[in-house]
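Examining the three-dimensional arrangement
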Amino acid sequence: HGRDVEHVQHLRERFDTFAQSMLPVGSDRIQAVLDMGNQLLSAENETNELVDPDSIHPVVEAVPTITSRQQALEESWVQLQEAVAERQALLSAAEKIHAFSRDVAEARSWISEKDAVLTDDYAKDVGSAQNLQRQHEAFERDLEAVQTRVDELTIAADHLAEQFPANATNIDEQRQHMLDRWQELQERTASRRERLGDSLELYHFLSDIMALISWMEDTMNLLNSSDSAIHD
C-alpha cells in the first residue's frame, strides 16, 4: 500500500476521515432500521392476540423475513466494520514498514558518506602521522552515532518482522544489507587505524634513528676536534 511514507500517510488520513464520517452515520441508520423491525415484531405479537386465528395478517406472514433481514443486516454491518478496521491496520502496517525502509536507506546513505570520508592519506613524518591519527580518532567518535542508529534499526527490524510476518523476509533483507555495509565500514576503519598506528611507529623509529645518527656525528666531530687540539 502506497509508494512511500508520505503517500501512505496521505492515504491513511483520507481513509480515517472517511471512516470517522461513515461509521457513526451507518450505525445510526442501521439502528433505525433494526428498531423499525423490532416495532413490527412487537406489533405482530399484539396482532396475534387481537385477530381471528384463521385470518392471515401481513405482519405475521413477514416475521421470518423481518427476522432474517435483521440478522443479515447486523452481519453485514459487522463485516463492514471489520473491513474498515482491517484496512486501517493494513495502512498502519504499510506506514511502519515504509518508515523502516526510509530509515534504513538513510542509515545506508550515512554509512556511505562516512566511507567516502575514510581516505588513504599517508604521513610524511611524525607530526603528520600524529595529525592523521587524531583525525581518525575523531572520525571513529563520529561513528558512534552511526552505531547507535544501526542498533536501533536492528531492534526495530526484529519487532516489525514479528508484528508483520508476511513482510519478514523483506524486512530482514533490508536490515542485512545495512549491516553488511556497516561491517565493511568498520573493517575499513579498523584497517585504517592499524595502518596509521604502524605509520606513527615507523616515523618514531626513523626519527630516533636520525637523532642517534646526528648524535653520533656530533660526537665524532667533537672527538675529531679534541684530537686536533691534542696534536697541536
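Residues numbered from 1 in each chain as written. Predicted model: local features only at pLDDT ≥ 70, side-chain atom pairs only at ≥ 80, totals over all residues. Heavy atoms only, no water.

Some points on the overall build of the chain
Summing up its helical and strand segments, the chain has 4 helices and 0 strands in all. When burial is assessed residue by residue, the chain has 26% of its 232 residues classed as buried. Across the chain, every contact between residues at least 6 apart in sequence was considered, and the portion connecting residues at least 24 apart equals 85%. As displayed, the chain offers around 15,700 Å² of accessible surface, 53% of which is attributable to carbon and sulfur atoms. (Helix = DSSP H or I, 4+ residues; strand = E, 2+ residues; numbered from the N terminus. Buried < 20%, exposed > 50% of the residue type's maximum accessible area, 1.4 Å probe, protein only. Contact = heavy atoms within 4.5 Å. Areas by Shrake-Rupley, 256 points an atom, 1.4 Å probe, with all protein chains shown as cover.)

Thoughts on the pattern of salt bridges
Taken as a whole, this structure holds 8 salt bridges when the rule is applied. Across the salt bridge formed by Asp172 and Arg175, the nearest N and O atoms sit 2.5 Å from each other. Highlighted residues: Asp172 and Arg175, both in helix α4 (residues 168-231), separated by 3 residues, approximately one helical turn. Here the salt bridges do not stand alone but share partners, grouping Arg102, Asp103, Arg149 and Glu152 into one network. (Salt bridge = Lys/Arg side-chain N within 4 Å of Asp/Glu carboxyl O.)

Structural notes on the nonpolar core
Note on soluble globular proteins: their nonpolar side chains tend to be buried together. With 19 residues, the main nonpolar core has Phe100, Ile111, Met178, Trp182 and Leu185 as its most contacted residues. Broken down by secondary-structure element, the contributors of at least two residues to this core are α2 (58-117), α3 (126-163) and α4. When residues in this core are grouped by element, the largest group, 7 residues, is from α3. Among all residues touching Ile111, those that are not within four sequence positions of it are Val146, Val150, Met178, Arg181, Trp182 and Leu185. If you look at the next biggest cluster of nonpolar residues, it comprises 8 residues, including Phe15, Met22, Leu34 and Val84. (Core = buried A, V, L, I, M, F, W, Y, C linked by side-chain atoms within 4.5 Å.)

Observations concerning the confidence of the model for the chain
Summarising the model, the chain shows a mean pLDDT of 83, and 87% of its residues fall at 70 or more. Model confidence for the chain, summarised as mean pLDDT per element, is weakest for helix α1 (residues 5-50) at 73 and strongest for α3 at 94. (pLDDT = per-residue confidence, 0-100.)

Let's talk about a nonpolar patch on the surface
The grouping of Leu202, Phe205, Leu206, Ile209, Met210, Leu212, Ile213, Trp215 and Met216 at the surface amounts to a nonpolar patch, some 880 Å² of accessible area in total. With respect to the helices and strands, the residue Ile209 is situated in helix α4. (Patch = residues over 30% accessible without salt bridge, like charges linked within 9 Å, V, L, I, M, F, W, Y side chains within 5 Å.)

A short note on the environment of Leu160
Along the chain, the position of Leu160 falls in helix α3. Here the alpha-carbon distance between Leu160 and Lys96, two residues 64 residues apart in the chain, equals 8.0 Å. Excluding anything up to four places from it in sequence, Leu160 contacts Lys96, Phe100 and Ile171.

Brief notes about the side chain of Arg192
Turning to its location among the elements, Arg192 is positioned in helix α4. For Arg192, the residues in contact, after removing those within four places along its chain, are Leu118, Thr119, Asp120, Asp121, Leu132 and His136.

Section: α3
Between its first and last C-alpha, α3 extends 55 Å over 38 residues, near the 56 Å set by a 1.5 Å rise per residue. When α3 is considered as a whole, its buried residues turn out to be Val126, Ala129, Leu132, His136, Phe139, Leu143, Val146, Val150, Leu153, Ala157 and Leu160. Where α3 begins, the side chain of Asp125 points an oxygen toward the backbone nitrogen of Gly127, at a separation of 3.2 Å. (Expected span 1.5 Å × (residues − 1). Polar contact = N/O pair within 3.5 Å; in protein donor to acceptor, adjacent residues only side chain to side chain.)

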